[in-house]
Amino acid sequence: MPELPEVEALTAFLSERLTGRVIAEVRPVAISALKTYDPPVTALAGRTVGPVVRHGKFLDIGLVDTGLLDIGLVDIGLVDTGSVDSGADGLHLVVHLARAGWLRWREQLPTEPPKPGGRNPLALRVRLEGPDGDGFDLTEAGTKKGLAVYVVRDAEEVPGVARLGPDPFDPDFDLARFRALLAGERRRIKGVLRDQTVLAGVGNAYSDEVLHVARMSPYKLAADLSQEESARLFEALGSTLRDAVERSRGLAAGELKAEKKLGMRVHGRTGQPCPVCGDTVREVSFADSSLQYCPTCQTGGKPLADRRLSRLLK
């Protein structure tokens, strides 16, 4: 699943290629991916792309009525393409890539209409105006579909965006605010870090990585963290995400998944040696996900209970 660093990199990638361009056509292929109907997705055609921003793991492509630009309202300061909002007749194409969704940039899109159904992973195609016929596809692999596309007048109309907690990259997000989020949380710290209503942008993979850097058990209760532990976790959160964004900087959209996998220390590395101490990375499985950790670095050498595995062995 793309998380904060990958969506941040996608935001920068698209900002360079989309800002100021006009949408020629938006063609939905998997209707199940569309979560809104008013405004219709066809309303995006003919609009000019303004800012491309990130809200947690949501990608937000802002669009303004090209007619407002043509009559010179930008020049006299009435419309700012860098801050598209409903007052400027702005729309937003908001995308959540979910577990298996991705954005694929195409220097030249096929001219024939895409065919829905079957095993076609294509969910939505956006073509830009111009002689090259460039644009991007939103795709989703697998049979479990979670990719979500919204066309709204304000990004806050998307329920998932409206519920987001603070962003780790917000300038106002400091240690005191982080500690306030953890206070009273009688849940395991792994679950708290993944909860988008508590903290925006961190998912299963980077929560594993953050906890490994912080040398902390994923089963530790958030409310039980000492002052030293919460400070260590806060520092690990910032450094892990910043490092991941820096590794992704300048990469094409198609290279981000591979970079994410290569940069992992414990996530997805079950059975491999920990890069810090050499102990074997272990896994705990759940119904729809799993976590990875290093016993020596994080749990005092003790393996965590894996009830699902225990039931299989009985």
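Residues numbered from 1 in each chain as written. Predicted model: local features only at pLDDT ≥ 70, side-chain atom pairs only at ≥ 80, totals over all residues. Heavy atoms only, no water.

Undergrad: Now, about the overall build of the chain: what can you tell me, with residues and values included?
TA: Assigned secondary structure in the chain consists of 10 helices and 10 strands. For the chain, the residues scored as buried account for 49% of the 314 residues in total. Here the contacts in the chain between residues at least 6 apart in sequence split such that 67% fall between residues at least 24 apart. For the chain, the computed accessible surface area is about 15300 Å², with 51% contributed by carbon and sulfur atoms. (Helix = DSSP H or I, 4+ residues; strand = E, 2+ residues; numbered from the N terminus. Buried < 20%, exposed > 50% of the residue type's maximum accessible area, 1.4 Å probe, protein only. Contact = heavy atoms within 4.5 Å. Areas by Shrake-Rupley, 256 points an atom, 1.4 Å probe, with all protein chains shown as cover.)

Undergrad: Give a description of the sheet that holds strand β4 (residues 91–96) that names residues and reports values.
TA: Pairing is antiparallel in the open sheet, where 4 strands are placed in the order β2-β3-β4-β8. The strands lining the two open edges of the sheet, one partner per strand, are β2 (47–55) and β8 (148–152). Adjacent strand axes in the sheet meet at a mean angle of 20 degrees when their direction is disregarded. The sheet contact formed by strand β3 (residues 58–65) and β4 spans 6 bridges and is antiparallel. Residue pairing across strands places leucine 59 opposite valine 95, the latter belonging to β4. (Pairing = 2+ DSSP bridges. Axes fitted to C-alpha atoms, helices over the stretch in contact; angles between N-to-C directions.)

Undergrad: Account for the pattern of salt bridges, with residues named and values stated.
TA: Applying the stated criterion across every chain yields a total of 19 salt bridges. The residue arginine 249 makes a salt bridge to glutamate 246 at a minimum N-O spacing of 3.1 Å. We note a salt bridge from arginine 247 to glutamate 259, for which the minimum N-O separation is 3.0 Å. In this pair, arginine 247 is assigned in helix α7 (residues 227–248) and glutamate 259 in helix α8 (residues 256–263), connecting sequence segments 12 residues apart. (Salt bridge = Lys/Arg side-chain N within 4 Å of Asp/Glu carboxyl O.)

Undergrad: So, the confidence of the model for the chain: which residues are in play, and what are the values?
TA: On average, residues of the chain score 89 in pLDDT, and 90% of them reach the 70 mark or higher. The model gives residues 71–87 a pLDDT under 50, and that stretch makes 27 contacts with residues more than four places away or in other chains. (pLDDT = per-residue confidence, 0-100.)

Undergrad: Describe in detail the sheet that holds strand β5 (residues 101–106), supporting the description with residues and values.
TA: Pairing in this open sheet of 4 strands is antiparallel, and the strands run β1-β6-β7-β5 from one edge to the other. Looking at strand neighbours, the two that pair on one side only are β1 (23–28) and β5, the edges of this open sheet. Across the sheet, the axes of successive neighbouring strands diverge by a mean angle of 15 degrees, strand direction being ignored. Here helix α1 (residues 4–18) sits on the sheet and contacts β5, β6 (122–128) and β7 (135–140); the angle it forms with β5, its principal contact strand, is near 25 degrees.

Undergrad: Could you give an account of α1, with specific residues and numbers?
TA: In a regular helix each residue adds 1.5 Å, so 15 residues correspond to 21 Å; α1 covers 20 Å between its end C-alpha atoms and thus fits that length. Among the residues of α1, those classed as buried are Leu4, Pro5, Glu6, Val7, Ala9, Leu10, Thr11, Phe13, Leu14 and Leu18. Glycine 20 sits one or two positions beyond α1 and adopts a positive phi of about 85 degrees. (Expected span 1.5 Å × (residues − 1).)

Undergrad: Describe in detail the nonpolar core, supporting the description with residues and values.
TA: One finds Leu14, Leu18, Leu44, Ile61, Leu93, Phe136 and Leu138 to be the most contacted residues of the largest nonpolar core, which totals 34 residues. Broken down by element, this core gets its largest block of residues, 6 residues, from α1. Beyond its immediate sequence surroundings of up to four residues, leucine 14 is in contact with Thr19, Val52, Leu59, Ile61, Leu103 and Trp105. Judged by nonpolar contacts, the second largest core, of 25 residues, contains Ile189, Val192, Val198 and Val245. (Core = buried A, V, L, I, M, F, W, Y, C linked by side-chain atoms within 4.5 Å.)

Undergrad: Can you explain the packing of α1 against α7? Please cite residues and give values.
TA: At their nearest, the axes of α1 and α7 sit 9 Å apart, and the two run at 40 degrees to each other. If you check the angle between α1 and α7, you find them oblique. Along this stretch, α1 crosses α7, giving a crossing that reads as right-handed. Side by side, α1 and α7 meet where Leu4, Pro5, Glu8 and Ala9 of the first sit next to Leu241, Ala244, Val245 and Ser248 of the second. A breakdown of the residues in the contact of α1 with α7 according to their chemical character gives 6 nonpolar, 1 polar and 1 charged. (Parallel < 35°, antiparallel > 145°, perpendicular 65-115°, else oblique. Left-handed = near helix turned anticlockwise from the far one by under 90°. Nonpolar A, V, L, I, M, F, W, Y, C, P; charged D, E, K, R; others polar.)

Undergrad: So what's going on with the layout of surface pockets? Which residues, and what values?
TA: Approximately 900 Å³ is the volume attributed to the largest pocket. Every residue lining the largest pocket is counted, 34 residues in all, and those nearest its centre are Met1, Pro2, Glu3, Lys57 and Arg99. Listed by contribution, the elements that provide at least two residues to the lining of the largest pocket are β5, β8, α6 (204–213) and α8. In terms of residue count, the dominant contributor to the lining of the largest pocket is α8 (4 residues). (1 Å grid on protein atoms, 1.4 Å probe; cavity = no way out; pocket = protein on both sides within 12 Å on 5 of 7 lines; lining within 4 Å. Points joined across faces, edges and corners; volume = space filled by probe spheres on them.)

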